[in-house]
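One letter stands for each residue in the lines below.
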Amino acid sequence: MIKNYSILIVVLLLSNLCFCQQLSFEFGTTVSSFDYENSQGQPLNNLLSKSKSYFGMGYRQTINNSRTLFLSLGASYNSYAAIGSESSIDNYFEWDVSYLGVKAGLGIKMFELRDLSFFANISMASEFLIRGNQTINNDVFNLVGEEEFNNNILFFRGGVEMQYPISRSTAIFVGYNYGKSVLISSGKNAEKLNLNAHQFGLGFIINLPKCYCSY
């Protein structure tokens, strides 16, 4: 009898979670800044931020009965760039890099204002360099696959989001995230590049079939 009750409870919990499964799609602008050190460990000043695009998609599911906590998994394509110069040595430099990432995160619904819902979120992503150029004066260097340049980073992000339902199965959202990278590995005497990014995005959240999440 106890075993039967346990099975029933598990089935009910899984059924409840089924009503809170969603897919998300987003795109937006990344304003990035770079913290760079050359192979001698010397920092590079006079770097200016540039704006690039990002895209993401993922899966989201509630993890509590009140449906205020969300677990998310997803993939992203992020581009970062910076530009600068040093007039004293007549030098020009620029970075333009793109990373493909996989991420996991947690979100919490803070409060509602009529049909608007407000969320806070944190996430961690592992991102891999798939395209990257470093320009110094008239010379352009490909960074992909270079042992002396870090091609794999961890990115930690936190932000806020505002969500509004546009149908029974779909909601639109806008959000802001700030993130900072951490180097995973680099060789001896390697160049080091840490990234700081402000992201402003727009996206959609869609209920999976047979799952009816209230917005």
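You'll find the structure just up there.
Asker: Describe the overall build of the chain, naming the residues involved and giving the relevant values.
Answerer: Along the backbone of the chain there are one helix and nine strands. Seen in sequence order, the chain has helices and strands lined up from the N terminus as α-β-β-β-β-β-β-β-β-β. When burial is assessed residue by residue, the chain has 37% of its 215 residues classed as buried. In the chain, of all internal contacts separated by at least 6 residues, the share reaching a separation of at least 24 is 68%. For the chain, the accessible surface area stands at approximately 12300 Å², while carbon and sulfur atoms represent 62% of it.

Asker: Lay out the pairing of strand β2 (residues 47-62) with the relevant residues and their values.
Answerer: In the sheet, strand β1 (residues 21-37) pairs with β2 via 12 bridges, with the strands oriented antiparallel. Looking across to β2, one finds that Phe25 is bridged to Met57. Between β2 and the antiparallel strand that follows it, strand β3 (residues 69-86), lie six residues; Arg67 among them carries a positive phi value of about 60 degrees.

Asker: So what's going on with the side chain of Thr135? Residues and values would help.
Answerer: Following the sequence through the fold, Thr135 ends up in strand β5 (residues 116-136). The buried category is assigned to Thr135, whose relative accessible area is 15%. In contact with Thr135, not counting residues within four places along its chain, are Tyr92, Phe93, Glu94 and Val140.

Asker: Could you give an account of the nonpolar core, naming the residues involved and the relevant values?
Answerer: Residues Phe34, Tyr80, Trp95 and Leu195 are the most contacted members of the largest nonpolar core, which totals 17 residues. If you list the elements that add at least two residues to this core, you get β1, β3, β4 (91-113), β5, β7 (152-165) and β9 (192-207). No other element matches the four residues that β4 contributes to this core. Setting aside residues no more than four positions away along its own chain, Phe34 makes contact with Leu47, Tyr80, Ala81, Ala82, Trp95, Val97, Leu193, Asn194 and Leu195.

Asker: I'd love a proper account of the side chain of Ser181, names of residues and values included.
Answerer: Relative to the helices and strands, Ser181 is located in strand β8 (residues 170-183). Reaching out from Ser181, the side chain makes a polar contact with the backbone nitrogen of Leu195 at a distance of 2.7 Å.

Asker: So what about empty space enclosed by the protein? Which residues, and what values?
Answerer: Regions of empty space are outlined by a rolling probe, equal in size to a water molecule, passed over the atoms. Within the structure shown, the criterion is met by one cavity of 30 Å³ or more. In this structure, the largest cavity occupies an estimated 570 Å³ of space. Glu26, Ser72, Lys103, Asn121 and Glu161 are the residues nearest the centre of the largest cavity, which is lined by 34 residues in total. Secondary-structure elements contributing two or more residues to the lining of the largest cavity are β1, β2, β3, β4, β5, β7, β8 and β9. If one sorts the elements of the lining of the largest cavity by residue count, β2 sits on top with seven residues.

Asker: Got a sec to walk through the packing of aromatic side chains? Specific residues and values, please.
Answerer: Inspection of the entire model under this criterion finds seven aromatic pairs. With 6.3 Å between their ring centres and 50 degrees between their planes, Phe34 and Trp95 make a pair best called tilted. Of this pair, Phe34 sits in strand β1 while Trp95 sits in strand β4, and the two are 61 residues apart along the sequence. Assigned by exposure class, Phe34 and Trp95 land together as buried. Their ring planes at 20 degrees and their centres at 4.6 Å tell us that Phe111 and Phe118 sit as a pair that is stacked. Taking the relative accessible area as the measure of exposure, Phe118 reaches 18% and is therefore buried. Among the aromatic side chains, those forming a connected cluster through ring pairs are Phe34, Phe93 and Trp95.

Asker: Can you tell me about the environment of Gln42, naming the residues and giving the values?
Answerer: Mapped onto the fold, Gln42 is located in the loop between β1 and β2. When its relative accessible area of 47% is taken as the criterion, Gln42 is described as partly exposed. When the C-alpha atoms of Gln42 and Lys192 are compared, they prove to be 9.8 Å apart, with 150 residues separating the residues in sequence. Not counting residues within four places of it along the chain, the set of residues in contact with Gln42 comprises Tyr36 and Glu37.

Rules and cut-offs
- Residues numbered from 1 in each chain as written.
- Predicted model: local features only at pLDDT ≥ 70, side-chain atom pairs only at ≥ 80, totals over all residues.
- Heavy atoms only, no water.
- Helix = DSSP H or I, 4+ residues; strand = E, 2+ residues; numbered from the N terminus.
- Buried < 20%, exposed > 50% of the residue type's maximum accessible area, 1.4 Å probe, protein only.
- Contact = heavy atoms within 4.5 Å.
- Areas by Shrake-Rupley, 256 points an atom, 1.4 Å probe, with all protein chains shown as cover.
- Pairing = 2+ DSSP bridges.
- Core = buried A, V, L, I, M, F, W, Y, C linked by side-chain atoms within 4.5 Å.
- Polar contact = N/O pair within 3.5 Å; in protein donor to acceptor, adjacent residues only side chain to side chain.
- 1 Å grid on protein atoms, 1.4 Å probe; cavity = no way out; pocket = protein on both sides within 12 Å on 5 of 7 lines; lining within 4 Å.
- Points joined across faces, edges and corners; volume = space filled by probe spheres on them.
- Phe/Tyr/Trp six-rings, centres within 6.5 Å; stacked < 30°, edge-to-face > 60°.

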